[in-house]
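Descriptive structure summary
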Amino acid sequence: MAEAIRTPAFCTQCRSRCGCVAVVEDGRLAGIEPLPGHPTGDKLCPKGRAAPELVYHPDRLMRPLRRTAPKSAADPGWQPISWDEALDEIAGRMQAIKTSYGAEQVAFSVTTPSGSHLSDSISWIERLIRAYGSPNTIYATEICNWHKDFASRFTYGTDIGTPDFAHTDCVLLWGNNPATTWLARATEVQKALKRGACMIVVDPRPTAFAKRADQWLQVRPGTDQVLALGLANLMITSGSFDREFIARWSNGPLLVRDDTGRFLRQSDLDAVGRADILFAQAASGDGLVAYDVKRGTWIDPVVDVELRARLDVRAAAGMVACRSAFDIYAAAAAEYPPERVAAITGVGEAALANAAAILGTAPSVAYYAWNGVGQSVTATQTDRAISLLYALTGSYGRHGGNVPGGAAAFADISGHDLLAPEQRAKALGLVERPLGPGLMGYVTARDTYRAVLSGKPYPVRMLVSFGTNLIASQPDTEMAQRALKALEFHVHTDFFLNATARYADIVLPAATSWEREGLRTGFDGSLAGLRRVQLRPAVIAPVGETRSDTDVVLGLATRLGLGDLLFGCEADRGHDAILAPAGLSVAELRRSPDGLEVGSSVPLDAHALGASDGTVRGFPTPTRRIEVYSERLLEHGYAPVPAFAEEDAPTGTSRFPLRLGAAKSVAFCHSQHRNIASLRRLAPDPRLEMVPEDAAARGIGEGDWVRIRTAQGEAVARAKLVPGLAAGAVFGHHGWWVDGPSGSPYDADNPLGANLNRVIDTTKADPVSGSIPLRCSWCEVERLELNSQR
């Protein structure tokens, strides 16, 4: 046997992108090992270690297949075809529909780059979609990353940023459990705790980090917005927030007209007599404070942010009733005193006070929030509430806080500039949600299903999928099945013939990341990791006739006449375009397979740096400040400050008294991996976590099969009793579609029986993003009577 070849690489199986060494023996991937010294290379999770099982799985798709039987048939009659036949037919269908009806009638479905091998190819796929002209990509962003990456821009003008856990004094994890979803980030948190940082965890489940926290806030699912407002109220009323940061770097001091809800502008003053300096009189009679209208700042003294009273702004020849933006936010937060917050969220008053004290006194705070708060009907305003609470700490952009941006400039080749405005305006759901993901061409699955089935606002005739499994990873299962059957043509690229691919007309076999090159411009587990740039080589030859998603994209682009828009269909040219602003090239990276570090670092306090016009840069928001008050939201009919609507509060009934949430497992990522033997041994069956008291009241014991019922349907799971879990709440695992053992309640006769998404109601959604209550529904649970309970 030849000596093993050991190649520096990185795993793309989840968001962690762990640095590793790929070990190849006799041309076969034998395993992967940690890569000490790499920013994410300290450890590997079970999914990464199972890489050889994935690559050589007997059920992997090995060549293109064409359906020969109707979609109603039990057997699709798959027939092997050549790549040229497949790509010719796919491109031909795409071109015909675009010519006859418009590119918008071809939708695309793209799996998450945060949890799959697709991360190597996502920019190429999006560039093809936009060059082709479709505004419709099912990306699931509204239930994944949109709130932390885009809703946060309503506040910061940028995304949530990278938490500087390496230097922070306080770690805040909110609806995010990196121990099961992001190993490199979990390692950073552990290092921070070992260094002496304190930690607050907001989570209804007693996770490992929750148990280690200085303060665990065991919030009821769906009430995070109230918790954030309540904590803000405590910090504001006690004065334990960064006054200077709020006064200098937020739009809190700006005056808002009572009559219009808009900021007071010079044009408003011109109507009553010009004045550059206004004097705001507190109704309490505490004296005048001067406000410079041109600069949008308080003069001297700095605005007293503790004043809550209505302000009368006196202009030269009239009077305009106004309040400061901060005053409006403070009033919204004041609606949630500790006793009310405790009643709604289940978090005790003492815990609230302690958490507020920690946040208000820690020299720096770094935080992260993700799916736990992004999958609800109030997800956008919840993100706003958390972001504004964080702004009170003054840590955003600073050492030990959350820092936006990268360590170097890299080009984005995903092609946002290629989609014409008239096409962008056709995105499904954009009329209903004008500030949501549709602005970027990201649409919801259910809007696409409706267009397929009803033809409104126009028909969707074709679906081109890259790695998704809509039937298992999204709700509306029955509607999805009807829509997939009704499509004129459906293409699916994947490793396996999953539940969604079974409805396709052509299936294409995808290569894993170990069988192709992949470029990574920064590893965002830490600020230091963002300096690392790496081009992972193909460590083995493609198995069978598999091809990378990038090769599929370039093959279609060639046939569609889009080659010039995709760098001549040369991957190296595209990658060089990405690297050029940082002064790097593909050739340099190939000479350094373990990666290179750029000479610069992520800039701290970027908002305070000078801009090219000689002014201070500020934040990339309409007011160039952190937006305590958002006119943009107001202009589209949304609340300008986060205010919790009582009608949005999750409410149970006697029929469905239990709060239903979901959680992730370290063994699986979304709907993947349940067919990998070593991972399935870690979690053989779907689980439903219950507090022992709730289980006992229903005659349920550890390991019993149970039925989860909602008004929408039912799903099955095995009970897992978890002491310390919030009473009245249960948590399942989504993404199950692989058949269970014969005789189980989700065997070959009912393979989707364990699919938790079947029971989720999607009739109500977040009005901005379209997010749905995957983490905060209501259900009842009952014991299943089976011959064998384990």
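Note that the structure is predicted; figures quoted are calculated from it, not measured.

Per the secondary structure count, the protein chain includes 26 helices and 32 strands. For the protein chain, the C-alpha radius of gyration of 27 Å lies close to 28 Å, the compact-globule estimate for 790 residues. Across its three principal axes, the protein chain shows a C-alpha extent of roughly 85 × 65 × 55 Å. Counting across all 790 residues of the protein chain, residues that qualify as buried make up 62%. The contacts in the protein chain between residues at least 6 apart in sequence include a share of 73% that link residues at least 24 apart. Roughly 28600 Å² of accessible area belongs to the protein chain as shown, and the carbon and sulfur atoms make up 51% of that amount.

Walk down a regular strand and you will see the side chains alternate between the two sheet faces. Of all 5 residues in strand β21 (residues 462–466), 5 are buried; the element is thus mostly enclosed. Residues M462, V464 and F466 point to one face of β21 and L463 and S465 to the other, with burial holding for every one of them. With 5 bridges connecting them, strand β6 (residues 106–110) and β21 associate as parallel partners. Residue pairing for β21: F108 is matched across the bridge by V464. Bridge count for β21 against strand β22 (residues 489–494) is 5 bridges, and the pairing is parallel. Residue pairing across strands places L463 opposite H490, the latter belonging to β22.

The strand order across the open sheet built from 3 strands is β1-β2-β3, with neighbouring strands paired in antiparallel fashion. The open sheet has two edge strands with one neighbour each: β1 (5–10) and β3 (28–34). When the angles between neighbouring strand axes are averaged without regard to direction, this sheet yields 30 degrees. Pairing geometry for β1 and strand β2 (residues 19–25), over 6 bridges, is antiparallel. Counterpart to P8 in the pairing with β2 is V21.

Here T137 lies in strand β7 (residues 137–138). What T137 contacts, discounting residues up to four positions off in sequence, is F108, V110, I129, G441, Y442 and V443.

With that settled, the discussion passes to the pattern of salt bridges. Inspection of every chain in the model, using the stated rule, returns 37 salt bridges. Here R60 ties to E515 by a salt bridge, and the two come within 2.9 Å at their closest N and O atoms. Here R60 is found in the loop between α2 (51–55) and β4 (65–66), whereas its partner E515 is found in the loop between β23 (506–509) and β24 (518–521), with 455 residues between them in sequence. Of the residues examined, R60 reaches a relative accessible area of 5% and is grouped as buried. With its nearest N and O atoms 2.8 Å apart, the salt bridge here joins R262 to E635.

Of all hydrophobic cores here, the largest spans 67 residues; its most connected members are W174, L227, Y329 and L392. Ranked by residue count, the leading element in this core is helix α9 (residues 224–238), at 9 residues. Discounting residues that sit within four places of it in the chain, Y329 has contacts with L229, A232, I236, L388, L389, L392, V628 and V641. In terms of nonpolar packing, the next biggest core, distinct from the first, is built from 63 residues, A86, W146, L530 and V533 among them.

In this section: the layout of surface pockets. Taken as a whole, the second largest pocket encloses approximately 430 Å³ of empty space. If you go around the second largest pocket, you meet 22 residues; those closest to its centre are T651, D761, C776, S777 and W778. Residues that form the lining of the second largest pocket fall into these classes: 9 nonpolar, 9 polar and 4 charged.

Looking now at the packing of aromatic side chains. Summed over the entire model, instances satisfying the criterion amount to 17 aromatic pairs. Between W124 and F567 the ring centres are 5.9 Å apart and the planes differ by 75 degrees, which places this aromatic pair in the edge-to-face class. Within this pair, whereas W124 is found in helix α4 (residues 122–132), its partner F567 is found in the loop between α21 (549–560) and α22 (571–579), the two being separated by 443 residues in sequence. An identical accessibility class is assigned to W124 and F567; each is buried. When the centroid spacing of 5.7 Å and the interplanar angle of 85 degrees are considered together, the rings of W182 and Y368 count as edge-to-face. Here Y368 lies in strand β18 (residues 365–369) and W182 lies in the loop between α6 (178–181) and α7 (183–195), a separation of 186 residues in the sequence. Chaining the aromatic ring pairs together yields one cluster made of Y156, W249, Y367, Y390, Y396 and F619. Its guanidinium or amino end placed over the ring of W78, R67 lies 5.3 Å from that ring's centre, counting from NZ or CZ. Taking NZ or CZ as reference, R185 lies 4.6 Å from the ring centre of Y368, over its face.

The next subject is the state of the cysteines. Tallied over the full model, the rule gives 0 disulfides. Here C144 stays unpaired: no disulfide links it, and the sulfur of C669, its closest cysteine neighbor, is 9.2 Å away. Here C779 stays free of any disulfide, with the sulfur of C776 as its closest cysteine sulfur at 12 Å. With relative accessibility at 0%, the residue C779 sits in the buried group.

The next thing to look at is the sheet that holds β18. Strand order in the open sheet formed by 4 strands is β11-β10-β9-β18, and the pairing between neighbours is parallel. One side of each edge strand has no neighbouring strand; the edge strands of this open sheet are β11 (215–217) and β18. Sheet twist, expressed as the average angle between the axes of neighbouring strands with direction ignored, equals 10 degrees. Bridge count between strand β10 (residues 198–202) and β11: 3 bridges; the pairing is parallel. Bridge pairing in β11 places I200 opposite Q215. Of the strands in this sheet, β9 (170–174), β10 and β11 are in contact with α9, which crosses β9 at around 150 degrees.

Turning our attention to empty space enclosed by the protein. Applying the stated rule across the entire model yields 12 cavities of 30 Å³ or more. Reported here for the largest cavity is a volume of approximately 560 Å³. Lining the largest cavity we find 42 residues, and of these G175, N371, G372, K664 and R775 sit closest to its centre. Looking at the lining of the largest cavity, the elements with two or more residues in it are α6, α9 and α15 (371–374). Of the residues belonging to the lining of the largest cavity, the class tally is 15 nonpolar, 19 polar and 8 charged.

Here α4 lies mainly inside the structure; 10 of its 11 residues are buried. Those residues of α4 that fall on the buried side of the exposure criterion are I122, W124, I125, E126, R127, L128, I129, R130, A131 and Y132. Following α4 by one or two positions, G133 adopts a phi angle in the positive range, close to 110 degrees.

What follows concerns the environment of D26. Along the chain, D26 turns up in the loop between β2 and β3. When the C-alpha atoms of D26 and A2 are compared, they prove to be 6.2 Å apart, with 24 residues separating the residues in sequence.

This next bit is on unusual backbone geometry. Each neighbour pair has its own omega, and for K456 with P457 the value is 0 degrees, a cis peptide bond. Checked against the element boundaries, P457 lands in the loop between α18 (445–454) and β21. The backbone of D476 sits at a positive phi, close to 60 degrees, despite the residue not being glycine. The residue D476 is located in the loop between α19 (470–473) and α20 (477–486) in this model. Even without being a glycine, H670 presents a positive backbone phi close to 55 degrees. Of note, H670 is situated in the loop between β27 (658–662) and α25 (677–682).

Calculation criteria
Residues numbered from 1 in each chain as written. Predicted model: local features only at pLDDT ≥ 70, side-chain atom pairs only at ≥ 80, totals over all residues. Heavy atoms only, no water. Helix = DSSP H or I, 4+ residues; strand = E, 2+ residues; numbered from the N terminus. Rg over C-alpha atoms; globule rule 2.2 N^0.38 Å. Buried < 20%, exposed > 50% of the residue type's maximum accessible area, 1.4 Å probe, protein only. Contact = heavy atoms within 4.5 Å. Areas by Shrake-Rupley, 256 points an atom, 1.4 Å probe, with all protein chains shown as cover. Pairing = 2+ DSSP bridges. Axes fitted to C-alpha atoms, helices over the stretch in contact; angles between N-to-C directions. Salt bridge = Lys/Arg side-chain N within 4 Å of Asp/Glu carboxyl O. Core = buried A, V, L, I, M, F, W, Y, C linked by side-chain atoms within 4.5 Å. 1 Å grid on protein atoms, 1.4 Å probe; cavity = no way out; pocket = protein on both sides within 12 Å on 5 of 7 lines; lining within 4 Å. Points joined across faces, edges and corners; volume = space filled by probe spheres on them. Nonpolar A, V, L, I, M, F, W, Y, C, P; charged D, E, K, R; others polar. Phe/Tyr/Trp six-rings, centres within 6.5 Å; stacked < 30°, edge-to-face > 60°. Lys NZ or Arg CZ within 6 Å of the ring centre and 35° of its normal. Disulfide = S-S within 2.5 Å.

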